[in-house]
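Topology and contacts: notes
One letter stands for each residue in the lines below.
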Amino acid sequence: MNKNPNLPIRLWLITGLLAYLVLPWYAIQDTAWYSVLPQILGGTETANGLLQALLYGRIWLALGLVGLAVAGVAMFVPPGRPQSNWLLAGGLVGFLGLLLSGFMIGSKGWSFAFLNEQYGELAVNQFGIGIGAFIALLALVMLTAFGVARRGYFKGDLFIASAVLGCSVLLLLFIAFPVTKALYGAFLNEEGQWAFSAIFERIGHERVWGLNCLVGGVRCGVAWNTLFLALLTATGTVIMGTMMALLAERSAGPRVQTPLRVVALLPIITPPFVVGLGLILLFGRAGVVNQFLEYAFDIQPTRWFYGLFGIWIAQLFAFTPIAFMIMRGVVQGVAPSMEEAAQTLRANRLQTFMTVTLPLLKPGLANAFLVGFIESIADFGNPVVVGGQYSVLSTDIFFAIVGAQYDQGRAASLAWILTIFALLVFALQRGLLGKQNYTTVSGKGDAGISMALPDGVRRVLNAVVYPWLMFTVVVYLFAFAGGFVQTWGRDYTLTLAHFKTAFGLEWGDFGLVWAGTAWNSFFTTIKLAGISAPITAAIGLLIAYLLARTEFRGQGWFEFIALLAFAIPGTVLGVSYILAFNVPPVELTGTGLIIVLCFMFRNLPVGVRAGTAAFKQLDKSLDEASLMLRASTFQTLRHVVLPLLKPALVAALVYSFVRAMTTVSAVIFLVTAENELATTYIIGRVGNGDYGVALAYCTVLIILMSASIALIQFLVGERKLGRRKTGVLIQPIAAH
C-alpha cells in the first residue's frame, strides 16, 4: 500500500499551481508554446495565468486558483468523506468556473448576445486555452476524481477514479461536443432558427427511405442501401478475418505465417483510393477482365462492376485487415487445455472446434462485426470511386457539405441516421454477449498445444484464404505498376521519373536539398501520425480496461461515446472539429494539434474494441492476485495485464499509425499549407491527372508503413502464454 495516501493529491496541487505560474495561459497562433516562455511575465497574450487574472483584467481566471486553494485544505484533513468534500468543492469550483467562463467569454467579449444585452460589453476578452490553462484544468479534474474516490466510489481507488473522469472529459470534449454541435444543425431551419420538424423535412422522403426495390426492382432509399451494405460488409469481413486468423495461428507453418500476415494487412496500409484504382484497372469498363471477355467471347464491356458489388468488394479489401488483427489476438488466447479436455471426453477435432473453439471466439467475432459495420457506414471513399449509381448515406453527406449547395442541415440530418444505425448494432452486440464469461487466459499454467484444425475446416480455409490473398496481390500489382510507367494506358515505358518528382534529392551550395515536391507532406504526416498513434493506443486500452474491469453508472454511455467517432463519417467529423474548435475556449483550427486530435479520436474505437475482446479472455483473478500482493492498480495494469495484451496493443498501434498516414475524409478540411498531409497531396495529384506521381507516392507509403509495422511488432513483441509450439496432439480416448 502507498505509505503516503495524499501524495497524488499533493503532486496535482503543485502541478496546477505551476501551470498558473510558469506557463503561458493562452494559445498563441502560429507560435509554439515553449517559444514564448521568456515572455510569461509580461504581455496580454503571453502572460501566465496569475498575471492574466491580477494585471490584465481577466479576473475570472482566479476561479481556478480558488479551486486549488480549497482543494489544498484536503491535505490537512484525514482521508474519507471530510477530505472528499474539500476535494470535490475545490475541483468542481475551479474546473466548472474556468470552463463556463471560457465558453461565455471569447475573442470579442461575451460569446452570447443575451449576455451582452444583460451586462453590457466587456472591456476585455480572451483567446483559446493554451498549455497553462490545459494543465490547470487537468489538475482540477484529477482533484475532483480523487474527491469522488475518497467518497467511496470506484472502491476508493484513486487511479481508477482519475482514469474514468479523465477519459470522460476527453471523450465529451473531443467527440461528444463537436459531434453534438454538428448534429444540432439538423434542427435548424433555413433561417438558422430552432425547428424540431426541420430534420423530418430533410430526411422524410422517398430518396432516403424508399422501399420500391422490394416490389419494383428499382433502387432502395439511401438509408436501406447503407444498412444492407454495412451488414453485408461486416459479415464478410468477420468471416474472412476469422479465416485468416485461424489459418495464420493454427494451420500455416512458420515459413507461411509471415508472408500471410503481410499480405493480409496490405490493404490497411494504403490510401483507400489505391484499392479502388486497382479494382477499376481490373474490372472497370476498360479493365483487363472486360477487355479479355470482349476479345475471347465478344462480350461488350459494361459497367457491371460499379455499384453494390464493387463497393462490397472494395470494403472487404479495406476492412478485413481490421477483423484479422482483432481475431488473431482472440484466436491466440484460446486455452489449449479446454480443447484438450474436450478431446479427453471423446470429442473429435471437429466437435471440439464447433463446441469449444468457436464459442470462445464470440467476443472477438462480435467486436469485429461491430467495427466492420461502423467502418462500412462511415466510409465514403470506396462508394465514391466504385459506387456508380448506388448511393449511400456517407456519399450524400459528403456532397451536401462539399457540393455547391453546402447544406449543413441536410448533412447533419443524414448523419443522425448513421448514428442511430450504429447505436442499434452496438445495443444488439451488448445484448448478445451480455454477462457471459469467455475467460481463456487465467493465472494457472497452460503449456498445452493448440489443437490442429479439423481436416475439413483446414481445406475450406486453404480454398478461400489463399485465393483471396493472391487476388489481393494481383490488385496491388496492377495499382502500383502505374508508378513505374510513363503514362498508364498509353506509354508503358519503364521510368523512375515519378519518384524523382516526388522524392528527388539534390546537392546544393549548402548541402543536401530535399528537392522533391512530396517531402513536406511526407515529413508532416510521419510526425503527426507518430505523435497520435501511441497516445491513441494507450487511451484505447485504458478505456477497454475500465469497461472490462470496473462497473460504474453511465458505463454504457461511456462506451458508446468512445465508439461515436466511428459512427460519424470522417467528413462530418472534420467539419464538426472546424465548427467546434475555431473559436475560444478551444481554438485549434489551422494548427497541427487539431489534426493529431482528429487522428486520435477517429481511430480510438479500434483500440477500445481490440482491448475489450482481449480483456474478456483474461481471468480477473490475475488482477486480484496482484492487488492482494499490495501492488497498486497502475502497477497491476503495467506489469501483469499489459504483457498479456500485446496482440491488442499491436492492433491498436498499427491501426492508429497507418490510418493516420492514409486517412482522407476526416482531415481534408483541417489541413493547411503548413500542415499538408500525404493523402491530400496524392488527391491533388490525382485531381490534376498526374496518376504516376500519386501511385509512386503510394508505393513509398506502403514501404514505410510495412517497415513501421515490423518495428512495432519487434518493439512490442509477442505475449508469452507458456505454451509449447510442437509436440504430440492429444487424441480422443478410445471407447472401452
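Please refer to the structure placed before this passage.
Everything in this summary refers to the structure shown in the same document. (Residues numbered from 1 in each chain as written. Predicted model: local features only at pLDDT ≥ 70, side-chain atom pairs only at ≥ 80, totals over all residues. Heavy atoms only, no water.)

**Let's talk about the overall build of the protein**
Helix and strand content of the protein: 31 helices and eight strands. By principal-axis analysis of the C-alpha atoms, the protein measures approximately 85 × 70 × 70 Å. For the protein, buried positions account for 54% of its 736 residues. For the protein, restricting intrachain contacts to residue pairs at least 6 apart in sequence, the fraction spanning at least 24 positions comes to 73%. (Helix = DSSP H or I, 4+ residues; strand = E, 2+ residues; numbered from the N terminus. Buried < 20%, exposed > 50% of the residue type's maximum accessible area, 1.4 Å probe, protein only. Contact = heavy atoms within 4.5 Å.)

**Overview of the state of the cysteines**
Taken as a whole and assessed by the stated rule, the structure comprises zero disulfides. Not engaged in a disulfide, the cysteine Cys167 finds its nearest cysteine sulfur in Cys598; these two sulfurs lie 19 Å apart. Relative accessible area serves as the criterion here: at 7%, Cys167 is assigned to the buried category. (Disulfide = S-S within 2.5 Å.)

**Some details on the pairing of strand β5 (residues 505–508)**
Pairing geometry for β5 and strand β6 (residues 511–514), over four bridges, is antiparallel. Its bridge partner lying in β6, Leu505 is registered against Trp514. A loop of two residues connects β5 with β6, the two strands running antiparallel in sequence. (Pairing = 2+ DSSP bridges.)

**Some words on the packing of helix α14 (residues 308–333) against helix α29 (residues 646–662)**
Direction vectors running N to C along α14 and α29 enclose 165°, while the axes themselves pass 9 Å from each other. By the criterion of interaxial angle, the relationship of α14 to α29 is roughly antiparallel. Our pair here, α14 against α29, has a crossing hand that is right-handed. Along the contact surface, α14 presents Ala318, Phe319, Ile322, Met325, Gly329 and Gln332, while α29 presents Pro647, Ala651, Val654, Tyr655 and Arg659. Of the residues assigned to the contact of α14 with α29, the class counts are eight nonpolar, two polar and one charged. (Axes fitted to C-alpha atoms, helices over the stretch in contact; angles between N-to-C directions. Parallel < 35°, antiparallel > 145°, perpendicular 65-115°, else oblique. Left-handed = near helix turned anticlockwise from the far one by under 90°. Nonpolar A, V, L, I, M, F, W, Y, C, P; charged D, E, K, R; others polar.)

**Topic: helix α17 (residues 362–378)**
In this model, α17 (17 residues) spans 24 Å end to end at C-alpha, consistent with the 24 Å of a helix rising 1.5 Å per residue. By the criterion of burial, α17 is predominantly enclosed, with 14 of the 17 residues buried. (Expected span 1.5 Å × (residues − 1).)

**Digging into the pattern of salt bridges**
Counting across every chain of the model gives seven salt bridges. Between Arg410 and Asp396 there is a salt bridge, and its shortest N-O distance comes to 3.5 Å. Of this pair, Arg410 sits in helix α20 (residues 408–433) while Asp396 sits in helix α19 (residues 393–402), and the two are 14 residues apart along the sequence. Classification of Asp396 by relative accessible area gives buried; the value is 6%. For Arg458, the salt bridge goes to Asp455, with nearest N and O atoms at 3.2 Å. (Salt bridge = Lys/Arg side-chain N within 4 Å of Asp/Glu carboxyl O.)

**Here we look at empty space enclosed by the protein**
Under the criterion given, the structure shown has four cavities of 30 Å³ or more. Taken as a whole, the second largest cavity spans an internal volume of roughly 50 Å³. If you trace the second largest cavity, you find it lined by Ala182, Ile401, Gln408, Ala411, Ala412, Val572 and Val575. Of all the elements in the fold, those that place two or more residues in the lining of the second largest cavity are α20 and α25 (570–580). (1 Å grid on protein atoms, 1.4 Å probe; cavity = no way out; pocket = protein on both sides within 12 Å on 5 of 7 lines; lining within 4 Å. Points joined across faces, edges and corners; volume = space filled by probe spheres on them.)

**Things to note about the side chain of Thr550**
Take Thr550: it is sitting in the loop between α23 (519–549) and α24 (555–567). Reaching out from Thr550, the side chain makes a polar contact with the backbone oxygen of Leu546 at a distance of 2.3 Å. When sequence neighbours within four positions are dropped, the list of residues in contact with Thr550 reads Ile160, Tyr545 and Gln555. (Polar contact = N/O pair within 3.5 Å; in protein donor to acceptor, adjacent residues only side chain to side chain.)

**Here's the deal with the packing of aromatic side chains**
On inspection of all chains with the given rule, the structure shows 41 aromatic pairs. With a centroid separation of 4.7 Å and 75° between ring planes, the pair formed by Trp514 and Trp519 is classed as edge-to-face. Judged by relative accessible area, Trp514 falls into the partly exposed class, the value being 45%. With a centroid separation of 5.3 Å and an interplanar angle of 90°, the aromatic rings of Trp514 and Phe523 are classed as edge-to-face. Since its relative accessible area comes to 40%, Phe523 is described here as partly exposed. Through a chain of ring-to-ring contacts, the aromatic side chains of Phe283, Trp304, Phe305, Tyr306, Phe309, Trp312, Phe317, Trp468 and Phe471 assemble into a single cluster. (Phe/Tyr/Trp six-rings, centres within 6.5 Å; stacked < 30°, edge-to-face > 60°.)

**Concerning the layout of surface pockets**
Space inside the second largest pocket adds up to approximately 1300 Å³. Forming the walls of the second largest pocket are 30 residues, and the residues nearest its centre are Asp157, Ile160, Leu627, Ser632 and Thr633. At the level of elements, α1 (7–22), α6 (131–150), α7 (158–183), α23, α27 (620–628) and α28 (633–641) are the ones that each hand at least two residues to the lining of the second largest pocket. Broken down by class, the residue content of the lining of the second largest pocket amounts to 14 nonpolar, seven polar and nine charged.

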